[in-house]
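Here is how the chains run, residue by residue.
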Amino acid sequence: MALGQAAALGRGYAPAAAHRTPPPTLKSIAGLPPVVILPGFGNADVDYKMPLGQPEDVGLVSVLRRRGFRDVSVLDLPRWEWLRVAGGLA
């Protein structure tokens, strides 16, 4: 049956791939993988632990731990290290 005929009969067209079993979700995988956060351009490790001087419980590390990730670490990177990168761009 052609695509136009299926639509005319009120049936939607779905490719065979749409009927496959969806991939497992994070909750169904035994044990979550470790998370390593690499600070983005201009950011320091503290921005992911205590952003803008706020309490630790609002940082990304804390949020990930509350969501079940037990092994969360942030690469120690002081903000001044980005000056070396910026110097290389000039």
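Residues numbered from 1 in each chain as written. Predicted model: local features only at pLDDT ≥ 70, side-chain atom pairs only at ≥ 80, totals over all residues. Heavy atoms only, no water.

Colleague: How should I be thinking about the pattern of salt bridges in this particular structure?
Modeller: Between side chains of opposite charge, a pair can form as their charged atoms come close. In total, this model carries 4 salt bridges according to the counting rule given. In this structure, the salt-bridge partner of Lys-49 is Asp-76, at a minimum N-O distance of 3.9 Å. With Lys-49 in helix H2 (residues 46-49) and Asp-76 in the loop between strand E2 (72-74) and helix H4 (81-89), this residue pair connects regions lying 27 residues apart in the sequence. Judged by its relative accessible area of 31%, Lys-49 falls in the partly exposed class. You can call Asp-76 exposed: its relative accessible area is 59%. (Salt bridge = Lys/Arg side-chain N within 4 Å of Asp/Glu carboxyl O. Helix = DSSP H or I, 4+ residues; strand = E, 2+ residues; numbered from the N terminus. Buried < 20%, exposed > 50% of the residue type's maximum accessible area, 1.4 Å probe, protein only.)

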